[in-house]
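Structural characterization, general
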Amino acid sequence: EPEVTQTPSHQVTQMGQEVILRCVPISNHLYFYWYRQILGQKVEFLVSFYNNEISEKSEIFDDQFSVERPDGSNFTLKIRSTKLEDSAMYFCASSEERASYGYTFGSGTRLTVV
Amino acid sequence: SQQGEEDPQALSIQEGENATMNCSYKTSINNLQWYRQNSGRGLVHLILIRSNEREKHSGRLRVTLDTSKKSSSLLITASRAADTASYFCATDPNTGGFKTIFGAGTRLFVKA
């Protein structure tokens, strides 16, 4: 069964540092997404990406966040200057079409900002 | 309630019993999805039901959708201890956008 792979599984970073979370979506999928889940809270949409550009982003996805598909296989989320409140589980997802068949999620990266 | 709100928030049942979780939403949708999340793990897609469908089955799972009431239910029959997890509904709003909106989830505990 094809999988979405996320690395690292857990990252601890100092407040103010930049972090890059990495994802390898399923190879024939065209739509890519980042979601986050603060401990014990809802899964929140951050951004969707299609055809090498952002197709939609939430109010959470401010100027501190950016996404990139640098090499045709990886899909990255960068947080430029992390804040304590960025501590969360970050999930990458991909879909073949625009959510017509549901998403395949990665197992997540737990980001802890100290 | 907000888009994609589940109830109950928590459910505790004995192994072998059926578990029913409900989800309500506000806007019109293209589809509704149910996901499972084991503690601290990723989200596993269980089933997707389109807005023109009323019921769907997958193994021990049965999902219904009532678009007139803007609600859905997930029934797990003959539950097992391994079904212990959080279950989320997620809606794909019919707004032309690209995001899926998750509810807060139902925490299911199945006692062996």
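The preceding data block contains the structure.
Only a predicted model underlies this, so the values are computations on that prediction, with no experimental measurement involved. Sequence order as written defines the numbering, with residues in each chain counted from 1. All chains are assigned letters beginning with A, and all ligands numbers beginning with 1, in the order in which they are written. Only residues with pLDDT of at least 70 are given local features in this predicted model, and only at 80 or more are side-chain atom pairs given and counted; all residues enter the totals for whole chains, interfaces and linings. Note that water and hydrogens are dropped before the side-chain values are worked out from all heavy atoms of the structure.

**Notes on the packing of aromatic side chains**
Which entries qualify depends on this criterion: A pair of Phe, Tyr and Trp rings is counted when the ring centres sit within 6.5 Å of each other, with Trp represented by its six-membered ring. The angle between the planes then sorts it: under 30 degrees is stacked, over 60 is edge-to-face, the rest tilted. The helix and strand labels rest on DSSP assignments: H or I over at least four residues marks a helix, E over at least two residues marks a strand, and numbering proceeds from the N terminus. Note on classification: 1.4 Å probe, protein chains only; a residue is buried when its accessible area is under 20% of the maximum for its type, exposed when over 50%, partly exposed between these limits.
Taken as a whole, this structure holds 15 aromatic pairs over all chains when the rule is applied. Seen in terms of ring centroids, tyrosine 35 of chain B and phenylalanine 102 of chain B are 5.4 Å apart; in terms of plane orientation they differ by 45°. Their pairing is tilted. Note that tyrosine 35 of chain B is positioned in strand S4 (residues 29–37) and phenylalanine 102 of chain B in strand S10 (residues 101–102), a separation of 67 residues in sequence. Phenylalanine 102 of chain B shares its class with tyrosine 35 of chain B; the two are buried. Following the ring pairs from residue to residue traces out a cluster consisting of Tyr33, Tyr35, Phe45, Phe91, Tyr103 and Phe105 of chain A together with Tyr35 and Phe102 of chain B.

**Here's the deal with the nonpolar core**
Going by this rule: Think of a nonpolar core as a cluster: buried Ala, Val, Leu, Ile, Met, Phe, Trp, Tyr and Cys residues, connected wherever their side-chain atoms sit within 4.5 Å. Whether two residues touch is decided by their heavy atoms; if any such pair falls within 4.5 Å, the residues are in contact.
Within the largest apolar cluster, 22 residues are counted, with the highest numbers of intra-cluster contacts made by Trp34, Leu46, Phe61, Val67, Phe75, Leu77 and Tyr90 of chain A. Counting only elements with at least two residues in this core, the list comes to strand S3 (19–24), strand S4 (31–37), strand S5 (43–50), strand S7 (65–68), strand S8 (75–79), strand S9 (88–95) and strand S11 (109–113) of chain A. Other than its neighbours up to four places away in sequence, leucine 46 of chain A contacts Trp34, Tyr35, Arg36, Glu56, Lys57, Ser58, Ile60, Phe61, Leu77 and Tyr90 of chain A. Counting residues in hydrophobic clusters, the runner-up holds 21 residues, among them Tyr25, Leu32, Val63 and Cys89 of chain B.

**A word on the pattern of salt bridges**
All names here are of chain B. For clarity, the threshold we go by: Think of a salt bridge as a Lys or Arg side-chain nitrogen and an Asp or Glu carboxyl oxygen that are within 4 Å of each other.
Counted according to the given criterion, the structure contains four salt bridges over all chains. Of the charged contacts, one joins aspartate 83 and arginine 60 as a salt bridge, the two residues approaching to 2.9 Å between their closest N and O atoms. Here the residue aspartate 83 occupies a position in the loop between strand S8 (71–76) and strand S9 (85–93), and arginine 60 occupies one in the loop between strand S6 (55–58) and strand S7 (61–66), the gap between them amounting to 23 residues. Taking relative accessible area as the criterion, aspartate 83 reaches 8% and is therefore assigned buried. Residue arginine 60 is classed as partly exposed on the basis of its relative accessible area of 22%.

**Examining the sheet that holds S7 of chain B**
Residues and elements named next belong to chain B. For clarity, the cut-off: Strand pairing is defined by DSSP finding a minimum of two bridges between the two strands. Here, axes are lines fitted to C-alpha atoms. For helices the fit covers the stretch in contact, and angles between N-to-C directions go from 0 to 180 degrees.
One open sheet accounts for five strands, arranged S1-S3-S8-S7-S6; its pairing is antiparallel. Unpaired on one side and paired on the other, strand S1 (5–7) and S6 mark the two borders of the sheet. The mean inter-strand angle of the sheet, taken between neighbouring strand axes irrespective of direction, is 20°. Alignment of strand S3 (residues 19–24) against S8, held across six bridges, turns out to be antiparallel.

**A look at the sheet that holds S8 of chain A**
In a beta sheet, neighbouring strands pair by backbone hydrogen bonds and run either parallel or antiparallel. Residue and element names in this part refer to chain A. Spatially, S1-S3-S8-S7 is the arrangement adopted by the four strands of the open sheet, whose pairing is antiparallel. The open sheet terminates on both sides in strands that have one partner only, identified here as strand S1 (5–7) and S7. Averaged over neighbouring strand pairs, the angle between their axes works out to 20° when direction is ignored.

**What about the interface of chain B and chain A?**
Applicable threshold: Buried area counts how much accessible surface, traced with a 1.4 Å probe, disappears from two parts once they are put together, with both parts' losses summed. Side-chain atoms alone can form a polar contact between residues adjacent in sequence; in general such a contact is a pair of N or O atoms within 3.5 Å, and within protein one must be able to donate a hydrogen while the other accepts it.
In this assembly, 24 residues from chain B lie in contact with 22 residues from chain A. Taken over both partners, the interface formed by chain B and chain A buries close to 1,900 Å², and the fraction arising from carbon and sulfur atoms is 52%. The largest share of the area that chain B buries against chain A comes from Leu43, Phe98 and Phe102 of chain B, three residues that together contribute 35% of it. The tally of links from chain B across to chain A stands at zero salt bridges. Counting every contact that joins chain B to chain A gives five residue pairs in polar contact (both at pLDDT 80 or more).

**Notes on unusual backbone geometry**
Of note, the bond from threonine 7 of chain A into proline 8 of chain A is cis; its omega dihedral lies within 30 degrees of zero at -10°. When you line up the elements, proline 8 of chain A lands in the loop between S1 and strand S2 (10–13). Cis geometry is adopted by the peptide bond preceding proline 8 of chain B, which originates at aspartate 7 of chain B and carries an omega value of 0°. Positionally, proline 8 of chain B belongs in the loop between S1 and strand S2 (10–14). The phi torsion at lysine 70 of chain B lies on the positive side, around 50°, for a residue other than glycine.

Any functional reading would require information beyond the geometric quantities listed.
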